Structures are given as structure tokens and as C-alpha cells.
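Here's the letter readout for the chains.
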Amino acid sequence: DTEVTQTPKHLVMGMTNKKSLKCEQHMGHRAMYWYKQKAKKPPELMFVYSYEKLSINESVPSRFSPECPNSSLLNLHLHALQPEDSALYLCASSQDGSWGNQPQHFGDGTRLSIL
Amino acid sequence: GDSVTQMEGPVTLSEEAFLTINCTYTATGYPSLFWYVQYPGEGLQLLLKATKADDKGSNKGFEATYRKETTSFHLEKGSVQVSDSAVYFCALSDGGAQKLVFGQGTRLTINP
């Protein structure tokens, strides 16, 4: 059982829709991450939050908007997405993100399809 | 920059065969090394890790040793099972960085 919970598991949306992906962890971790994973590829980092502050944005288009309301929750707001944004979106968390020896714990992802 | 190179897949083995998946890395500092496994339809699960040279990570019969002299972190298992069929990712995290650098992944299929 994963300790990082993502909802929804599947999402189909049109290019004009607005939707949000949610991620929750109760391990007391203070760093949280969003990744995008295309088929047969490794995950690509999108955003990192450390102590509820955005610390890394990997030049992600503004149609993706992250939000960290508190230390347990991470959202990804989606608006005006393109078909090429269809992918598996993974959330992860780690203890505090300040040291590389802390493993990241992943959720099962949201599979997003853009029509 | 930092990078991870994994052996190309897919890899197909029979049940009870010996498994090796090669992983080499380049890094400017002293990275921590990880193996993650992704089963169909799921996210990534941490399989094992090693944080310094000569450390051996192990879990569920899988092992990998951090070899600084050869910059390698090969994954091994003595006797694979059908349930080990998955995609395996080698990854590194360098010092204080918050970024995981992944290899391309190796798809493993075990036939009964």
C-alpha cells in the first residue's frame, strides 16, 4: 500500500476545461514533488515544494499551476492543456528534501488524457 | 551534469534465473543511489538504496552495491519470480540536491 495518495486515478478532460490533481501524505514529510511520466520513459520532474514553499520549477508551462496548502497536501491545477500533456502524473514526498540521501516515496499517479 | 545509464531492455528471463541489470552513473559529487520498481499501472516503489561507497542495499532478494571505483550500482537477484516482472529504474541524488536523476528504465519480463 502506497503512503502517498493521489486522486483521481484517471482523468479525461477537454482542452478548455479546468481541473485539479490532488496528492496527500501523512508521513510528516516536508518536501513534495510533481512529476510527469510519458509511456516507456522515466519520470520528469516538474515542481518541488520544500516546507510549503515552491523551491524548484523546471520551466513548466503556466497551464500547470501547483499549490501546497499545507505540509500534507499538494495540488496541481490544470487549465487549457494540450494533447501532448496526456501522461501519468506522479506525486512524491521525502523527509525534507535538503539531503539527497532521503528517498522519495511515490503515489500511484493520475493518468490524464486530454481530448 | 549528472547522468545515469542503464542497460537497454527489454530483458526476458525464465523463472528462477539469475538477474543482473547494469547501472552506471556520472556525478560531480558524492551521490546517493537508488533502485525503483514500477509495476504495471502503479507508481514507483523504492526497492533499495545506498548512500556511500561500498554500501550494499538489499530488499526482497534484490541487492546492489555502490561501487565508486567503477561508478556502478548493478541490480542483482539470485532467482527471479514471475511477480518480479516490472520496469526497473536506477536513479541518483547528488548531495543537497532535491532532484532525482533517473536512468531510462529496464523492462523485465519473467516467464513461468
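Our subject is the structure that appears above.
Conventions and cut-offs
- Residues numbered from 1 in each chain as written.
- Chains lettered and ligands numbered in written order.
- Predicted model: local features only at pLDDT ≥ 70, side-chain atom pairs only at ≥ 80, totals over all residues.
- Heavy atoms only, no water.
- Helix = DSSP H or I, 4+ residues; strand = E, 2+ residues; numbered from the N terminus.
- Rg over C-alpha atoms; globule rule 2.2 N^0.38 Å.
- Buried < 20%, exposed > 50% of the residue type's maximum accessible area, 1.4 Å probe, protein only.
- Pairing = 2+ DSSP bridges.
- Axes fitted to C-alpha atoms, helices over the stretch in contact; angles between N-to-C directions.
- Contact = heavy atoms within 4.5 Å.
- Buried area = accessible area lost by both parts, 1.4 Å probe.
- Salt bridge = Lys/Arg side-chain N within 4 Å of Asp/Glu carboxyl O.
- Polar contact = N/O pair within 3.5 Å; in protein donor to acceptor, adjacent residues only side chain to side chain.
- Nonpolar A, V, L, I, M, F, W, Y, C, P; charged D, E, K, R; others polar.
- Core = buried A, V, L, I, M, F, W, Y, C linked by side-chain atoms within 4.5 Å.

(A) Representation of the overall build of chain A within the structure. In terms of regular secondary structure, chain A is built from 0 helices and 11 strands. Beginning at the N terminus, the succession of helices and strands in chain A can be written as β-β-β-β-β-β-β-β-β-β-β. Scaling as 2.2 N^0.38, a compact globule of 115 residues should have a C-alpha radius of gyration of about 13 Å, and chain A matches this with 13 Å. Dimensions of chain A along its principal axes, counting C-alpha atoms only, are 40 × 30 × 25 Å. Considering chain A as a whole, with its 115 residues, one finds that 48% of them fall into the buried category.

(B) Just the sheet that holds strand β8 (residues 73–79) of chain A, in detail. All names here are of chain A. What the 4 strands build is an open sheet, ordered β1-β3-β8-β7; its pairing is antiparallel. Where the open sheet ends on each side, the last strands, each with one partner, are β1 (4–7) and β7 (64–70). Strand-to-strand twist of the sheet, defined as the mean angle between neighbouring strand axes without regard to direction, takes the value 20°. Here strand β3 (residues 18–25) runs beside β8; their pairing, made up of 7 bridges, is antiparallel. Of the residues in β8, the one forming a bridge with Lys18 is His79.

(C) Here's a closer look at the interface of chain B and chain A. Facing 23 residues of chain B, the contacting portion of chain A comprises 27 residues. A combined buried area of about 1,800 Å² lies between chain B and chain A, and 53% of that area is made up of carbon and sulfur atoms. One can count 1 salt bridge joining chain B with chain A. Measuring nitrogen to oxygen at the nearest pair gives 3.1 Å for the salt bridge that ties Lys99 of chain B to Glu58 of chain A. Across the contact surface, chain B and chain A share 4 residue pairs in polar contact (both at pLDDT 80 or more). Only β5 (31–38), β6 (44–50) and β10 (86–94) of chain B provide two or more residues apiece to the side of chain B that touches chain A. By residue class, the composition of the side of chain B that touches chain A is 8 nonpolar, 11 polar and 4 charged.

(D) Up close: the sheet that holds strand β7 (residues 56–59) of chain B. Residues and elements named next belong to chain B. Here 4 strands make up an open sheet; going across it, the order is β3-β9-β8-β7 and the pairing antiparallel. The sheet terminates laterally at β3 (19–21) and β7, the two strands that pair on one side only. Put simply, the sheet's adjacent strands are angled 15° from each other on average, direction ignored. Bridge count between β3 and strand β9 (residues 75–77): 3 bridges; the pairing is antiparallel.

(E) Structural view of the nonpolar core. Residues Trp35, Leu47, Leu48, Phe62, Phe73, Leu75 and Tyr88 of chain B are the most contacted members of the largest nonpolar core, which totals 25 residues. Of all the secondary-structure elements, those providing two or more residues to this core are β3, β4 (23–26), β5, β6, β8 (62–65), β10 and β12 (106–111) of chain B. With 4 residues, β10 of chain B is the largest single contributor of residues to this core. Sequence-distant contacts of Leu47 of chain B, defined by excluding residues within four places in its chain, comprise Trp35, Tyr36, Asn59, Phe62, Leu75 and Tyr88 of chain B. Counting 22 residues, the second largest nonpolar core, distinct from the first, contains Leu11, Phe64, Ala87 and Leu112 of chain A.

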